[in-house]
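Chains, contacts and geometry: an overview
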Amino acid sequence: IYWADAMRALHIGVTIFAITLPMMTQTAPTPTSAGTVTDTHGVPAGGIEIAQFWLAGSETPSGFRAYGQTRSDATGKFHIQLNHLPTTLFAIDSKSNQGAIVIVSNPVDDIRVRLQPLWRVRYRFEGTDLTNLSQSRIMLKPVSGSMFSQLSGPTEGVLLLPAGQYVVAISS
């Protein structure tokens, strides 16, 4: 077939048709939950940063940087949109002295976050050609909850965490 013949065949074979696409439907909004933060003595704590995901290995005093976070008000009350359930919330005060981890299984309006002292945890990862953790996927989660942090940046550093048992999962 020559180009001219091919073009004629295309013009002859053209069919006009219409496509009906379904209307875009709105997805269900992500659940919003509410709760209260208290300090180690049970007193409402304001200004506490709370989030589902934290990037670990950052240059902040706690070693974490929050994404999609909220803060408790002066009475310790907060609202947060939960991206998925179950989820793990990590909370930390502005001075990086106290924090908490809470597992949320259902959308509730009574999440209780009780702060406790943070422990200084040193980490160091070694491996062939391992110079920066951003090339690997190293996740941190409490034993009984979902992942709340991914380590990135230098292969060694310090994190501040509340007492508990944690799992470090590594994948490439």
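Residues numbered from 1 in each chain as written. Predicted model: local features only at pLDDT ≥ 70, side-chain atom pairs only at ≥ 80, totals over all residues. Heavy atoms only, no water.

On to the sheet that holds strand β2 (residues 49-51). Read from one edge of the open sheet, 6 strands run β5-β2-β7-β8-β10-β13, paired in antiparallel fashion. A strand with exactly one partner marks an edge of an open sheet, and here the two such strands are β5 (70-71) and β13 (156-162). (Pairing = 2+ DSSP bridges. Helix = DSSP H or I, 4+ residues; strand = E, 2+ residues; numbered from the N terminus.)

Here we come to the pairing of strand β10 (residues 116-124). Pairing of strand β8 (residues 98-104) with β10, which is carried by 2 bridges, proceeds in the antiparallel orientation. Counterpart to Q98 in the pairing with β10 is P117. Where β10 lies against β13, 7 bridges are found, and the strand directions are antiparallel. In the strand pairing of β13, V121 is matched with L159.

Here the focus is the environment of A100. With respect to the element layout, A100 can be found in strand β8. Using a relative accessible area of 2% as the deciding quantity, one classes A100 as buried. Not counting the four nearest positions on each side in its chain, A100 is found in contact with L89, F90, A91, V113, R114, L115 and P162. (Buried < 20%, exposed > 50% of the residue type's maximum accessible area, 1.4 Å probe, protein only. Contact = heavy atoms within 4.5 Å.)

Before going further, it helps to spend a moment on the pattern of salt bridges. Applying the stated criterion to the full structure yields 2 salt bridges. Close ionic contact of R112 with D110 constitutes a salt bridge, the shortest N to O distance being 3.1 Å. Residue classification places R112 among the exposed residues on the basis of a relative accessible area of 59%. Taking relative accessible area as the criterion, D110 reaches 44% and is therefore assigned partly exposed. Note that E126 is salt-bridged to R124, the shortest N-O span being 2.9 Å. By relative accessible area, which is 63% here, E126 ends up exposed. (Salt bridge = Lys/Arg side-chain N within 4 Å of Asp/Glu carboxyl O.)

Tracing the chain through its elements places G76 in the loop between β5 and β6 (77-81). The buried category is assigned to G76, whose relative accessible area is 0%. Considering only alpha carbons, one finds G76 and T38, 38 residues apart in sequence, at a separation of 6.5 Å. Every residue in contact with G76, bar those within four places of it in the chain, is listed here: G35, T36, V37, P44 and A45.

This brings us to the sheet that holds strand β9 (residues 111-114). Within the open sheet, the 3 strands sit side by side as β6-β1-β9. Their pairing is mixed. Lying at the two open borders of the sheet, with one neighbouring strand each, are β6 and β9. Across the sheet, the axes of successive neighbouring strands diverge by a mean angle of 35°, strand direction being ignored. Bridge count between strand β1 (residues 32-38) and β9: 4 bridges; the pairing is parallel. Considered in β9, the bridge of G35 is made with I111. (Axes fitted to C-alpha atoms, helices over the stretch in contact; angles between N-to-C directions.)

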